[in-house]
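If you want the building blocks of each chain, they are given just below.
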Amino acid sequence: MKHCGTKRLETNRLILRRFIKEDAVAMYKNWASDNEVTKYLTWPTHSSLEISQCVTEDWLHSYSNQNYYQWAIVLKDNGDEPIGSISVVNMNEKVSAAHIGYCIGRSWWHQGITSEALKAVMDFLFDVVEVNRIEARHDPRNPNSGKVMKKCGMKYEGTLRSSDWNNQGICDACYYALLKSERQTNSREVYEMSQAQFFYQNQNAPKPNKPNLIGTE
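Description of the structure in this document. Note that the structure is predicted; figures quoted are calculated from it, not measured. Numbering of residues starts from 1 in each chain and follows the order in which that chain's sequence is written. With the structure being a predicted model, the display of local features is reserved for residues of pLDDT at least 70 and the display and counting of side-chain atom pairs for 80 or more, all residues being used for whole-chain, interface and lining totals. With hydrogens and water excluded, all non-hydrogen atoms of the structure serve as input to the side-chain values.

### Focus on the overall build of the protein
If you tally the helices and strands in the protein, you get six helices and nine strands. Split into buried and exposed, the 217 residues of the protein put 50% on the buried side. Carbon and sulfur atoms make up 46% of the accessible area of the protein, which amounts to about 10700 Å² in all. In this description a helix means any DSSP run of H or I spanning at least four residues, a strand means any run of E spanning at least two, and both kinds are numbered starting from the N terminus. Classification of residues uses two cut-offs on accessible area relative to the type maximum, computed with a 1.4 Å probe and protein chains only: under 20% is buried, over 50% is exposed, and between them is partly exposed. To measure how exposed things are, a 1.4 Å probe is used in the Shrake-Rupley method; for residues, cover is taken only from the protein chains shown.

### Examining the environment of Ile-83
In this fold, Ile-83 is placed in strand E4 (residues 82–92). Relative accessible area serves as the criterion here: at 0%, Ile-83 is assigned to the buried category. Taking C-alpha positions, Ile-83 is 9.1 Å from Lys-29, a pair spaced 54 residues apart along the chain. Note on definitions: a residue-residue contact is assigned when non-hydrogen atoms from the two residues lie within 4.5 Å. Setting aside chain neighbours within four positions, we find Ile-83 in contact with Asn-30, Trp-31, Ile-73, Leu-75, Asn-78, Ile-104, Gly-105, Trp-108 and Ile-113.

### A closer look at helix H5 (residues 143–151)
One full turn of an α-helix is made of 3.6 residues, so residues set three or four places apart face in the same direction. Those residues of H5 lying buried are Ser-145, Gly-146, Val-148 and Met-149. Projected down its long axis, H5 shows its buried positions confined to an angular sector of 150 degrees, all on one face. Away from its buried face, by an angle of more than 90 degrees, H5 presents the exposed residues Lys-147 and Lys-150. Against the buried residues of H5 lie strand E5 (97–104), helix H4 (113–129), strand E6 (133–138) and strand E8 (169–179). As used here, the arc is the angular range of directions from the helix axis to the C-beta atoms.

### Regarding the pairing of strand E2 (residues 14–17)
Neither face of E2 is exposed, since Leu-14 and Leu-16 on one face and Ile-15 and Arg-17 on the opposite face are all buried. As paired elements, strand E1 (residues 9–10) and E2 share two bridges and run antiparallel to each other. The residue of E2 that forms the bridge with Glu-10 is Ile-15. For two strands to count as paired, DSSP must find a minimum of two bridges between them. When E2 meets strand E3 (residues 70–75), the two strands line up antiparallel, connected through four bridges. Within E3, the position partnered with Arg-17 by the bridge is Ala-72.

### Remarks on the packing of helix H1 (residues 24–32) against helix H3 (residues 49–62)
A fitted line through C-alpha atoms represents every axis, and for helices the fit uses only the stretch in contact; the resulting angles, taken between N-to-C directions, go from 0 to 180 degrees. Contact geometry of H1 with H3 gives a least axis separation of 8 Å together with a crossing angle of 120 degrees. The handedness of the crossing between H1 and H3 is right-handed. Facing H1, whose interface residues are Ala-24, Val-25, Met-27, Tyr-28 and Ala-32, H3 presents Leu-49, Ser-52, Gln-53, Val-55, Thr-56 and Trp-59. Residues are grouped as follows: nonpolar covers Ala, Val, Leu, Ile, Met, Phe, Trp, Tyr, Cys and Pro; charged covers Asp, Glu, Lys and Arg; every other residue, Gly included, is treated as polar. Here the residues of the contact of H1 with H3 sort into eight nonpolar, three polar and no charged. For any pair of crossing helices, the crossing counts as left-handed if the nearer helix is rotated counterclockwise from the farther one by less than a right angle, and right-handed if it is rotated clockwise.

### A few points about the packing of H4 against H5
Packing of H4 against H5 brings their axes to within 9 Å, and their N-to-C directions diverge by 45 degrees. What the angle tells us is that H4 and H5 run oblique. Seen along the crossing, H4 lies across H5 with a hand that is right-handed. Here H4 contributes Thr-114, Ser-115, Leu-118 and Lys-119 to the contact with H5, which in turn contributes Val-148, Met-149 and Lys-151. Orientation is classified from the angle alone, with under 35 degrees giving roughly parallel, over 145 giving roughly antiparallel, 65 to 115 giving roughly perpendicular, and any other angle giving oblique.

### Comments concerning the packing of aromatic side chains
Remark: the centre distance and the inter-plane angle together describe each pair of aromatic rings, the angle taken between the planes. For this analysis, a ring pair means two rings from Phe, Tyr or Trp (six-membered ring only for Trp) whose centres lie within 6.5 Å, classed as stacked if their planes differ by under 30 degrees, edge-to-face if by over 60, and tilted for the remaining angles. For the coordinates displayed, the defined rule picks out seven aromatic pairs. Both rings, one in Phe-19 and one in Trp-31, keep their centres 6.4 Å apart while their planes meet at 55 degrees; by these two values the pair is tilted. Placement of Phe-19 in the loop between E2 and H1 and of Trp-31 in helix H1 is noted, with a sequence separation of twelve residues between them. Ring centres of Phe-19 and Trp-59 lie 4.7 Å apart, and the angle between their planes is 55 degrees; this geometry places the pair in the tilted category. Taken together, the residues Phe-19 in the loop between E2 and H1 and Trp-59 in helix H3 connect sequence positions 40 residues apart. Here Phe-19 and Trp-59 have matching classes, each one buried. In textbook terms, an aromatic cluster arises when at least three aromatic residues are bridged by ring pairs, as seen for Phe-19, Trp-31 and Trp-59.

Structure, rendered in structure tokens:
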């Protein structure tokens, strides 16, 4: 894989960028303090702004690693305030695979925003980082998360029973994944977002081919 760190990405409606120190307030207000948002997540609801500030500081330090990928989801019509996050939560170098996790504030649910962000990240990982497999998982009691994965062309691979843990305790985990070779096939059958493109913080980074964002809105 060709790691290059968290780069700025842009789609029709979104900017995906690195977090900055000042984002802690928006993180706490828009999603991290909401029990409904964190209900099926693996990290606890933030009980104070100080916790969000500590998390943000940790992310900022991690950006120095080229294999660290953590984006703030910013809706263009909402100024520069993040409304959620999307990241690579695990990277398996031996098999060139990335596991993605995401969350978004309740006020922006059911608007296709998460799938739009996921499409952009998947294209970046396939085209620039050159991963071969992208995967994600969700609690079966949270089917809307699975719908996001399906929208982006991921294939359901199975449910592992009592194999995971989240804020509801021990749970099943539904796994979805897409291989780079499958993504090329899927792109012929589904909608392509022609306006989406990558914007690089490092202008010397190699530019990928025009993104073929998979899935539909």
